[in-house]
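Topology and contacts: notes
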Amino acid sequence: MKNKSRARIAQLRSEFYSIKKQPSESVYLTHIQQAAKALKNAGKSIPEDEVAYQMIENLPTEFDNILQQIYQLKDEFLPNKIRIILLTEEGRILSKQAKEIDNSKVLVTEEKKNIGTLKEKKATVCSYCKKFGHLASEYID
């Protein structure tokens, strides 16, 4: 029986330390905490600071700034505190990305408007010099 439980603990430890970033920070952090709980239920507790370190282990580069702030924390390094910090940062990152997408849509729309204006100008013929691309009112010597 002890061999099975050691084998199970070895498997759970491997799973705990190999968890990679999930589509969302919430799913990722929950997965880590569930793996730590499974280990505890199997008889092998992981210290809370080790769980917290695992939470910050495989973060994408967008989290580099907040990671430096986490390293500088003066109070306890606990999973729940790290979870709150990371979820807040994820919200900030997603908000910033949404704004960038909105801005790029505006730029594309403006570019389409400009192309339409250029096409209109190219189709016009100046009644003064008889060249394409401008009107007599825009004529410059």
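Just so it is clear, the model here is predicted, and its values are computed rather than measured.

A short note on the pattern of salt bridges
When charged atoms on two side chains of opposite charge get close, those side chains can pair. Evaluated as defined, the whole model comprises two salt bridges. The closest approach of N and O atoms between Asp75 and Lys81, which form a salt bridge, is 2.6 Å. The exposure class of Asp75 is partly exposed, given its relative accessible area of 44%. Overall, the relative accessible area of 29% leaves Lys81 in the partly exposed class. Residue Glu89 is joined to Arg92 by a salt bridge in which the shortest nitrogen-to-oxygen separation is 2.8 Å. Taken together, the positions of Glu89 and Arg92, both in helix H5 (residues 79-123) and three residues apart, correspond to about one turn of that helix. By relative accessible area, Arg92 is classed as partly exposed at 43%.

Considering the environment of Asp49
Mapped onto the secondary structure, Asp49 falls in helix H3 (residues 48-57). Residues Asp49 and Ile82, spaced 33 residues apart in sequence, show a C-alpha to C-alpha distance of 9.9 Å.

Some words on the packing of aromatic side chains
Under the defined criterion, the tally for this structure stands at two aromatic pairs. When the ring of Phe16 is compared with that of Tyr17, the centres are 4.8 Å apart and the planes differ by 85°; the resulting orientation is edge-to-face. Residue Tyr17 is classed as partly exposed on the basis of its relative accessible area of 32%. Judged by centre distance (4.5 Å) and plane angle (50°), the ring pair of Tyr53 and Phe77 falls under tilted. Remark: Phe77 occurs in the loop between helix H4 (64-71) and H5 and Tyr53 occurs in helix H3; sequence separation between them is 24 residues.

Describing the packing of helix H2 (residues 25-41) against H3
Taken N-terminus to C-terminus, the directions of H2 and H3 make an angle of 145°; their axes are 10 Å apart at the nearest point. In the crossing of H2 with H3, the sense of the turn from one axis to the other is right-handed. Along the contact surface, H2 presents Tyr28, Leu29, Ile32, Gln33 and Ala36, while H3 presents Val51, Gln54, Met55 and Glu57. Taken together, the residues of the contact of H2 with H3 sort by class into six nonpolar, two polar and one charged.

Describing the layout of surface pockets
If you add up the space inside the largest pocket, you get close to 210 Å³. As for the largest pocket, its lining consists of Gln33, Ala36, Lys37, Lys40, Ser45, Ile46, Glu48, Val51, Pro79 and Asn80. The leading source of residues in the lining of the largest pocket is H2, at four residues. Partitioned by chemical class, the residues of the lining of the largest pocket number four nonpolar, three polar and three charged.

Basis of the calculations
- Residues numbered from 1 in each chain as written.
- Predicted model: local features only at pLDDT ≥ 70, side-chain atom pairs only at ≥ 80, totals over all residues.
- Heavy atoms only, no water.
- Salt bridge = Lys/Arg side-chain N within 4 Å of Asp/Glu carboxyl O.
- Buried < 20%, exposed > 50% of the residue type's maximum accessible area, 1.4 Å probe, protein only.
- Helix = DSSP H or I, 4+ residues; strand = E, 2+ residues; numbered from the N terminus.
- Phe/Tyr/Trp six-rings, centres within 6.5 Å; stacked < 30°, edge-to-face > 60°.
- Axes fitted to C-alpha atoms, helices over the stretch in contact; angles between N-to-C directions.
- Left-handed = near helix turned anticlockwise from the far one by under 90°.
- Contact = heavy atoms within 4.5 Å.
- Nonpolar A, V, L, I, M, F, W, Y, C, P; charged D, E, K, R; others polar.
- 1 Å grid on protein atoms, 1.4 Å probe; cavity = no way out; pocket = protein on both sides within 12 Å on 5 of 7 lines; lining within 4 Å.
- Points joined across faces, edges and corners; volume = space filled by probe spheres on them.

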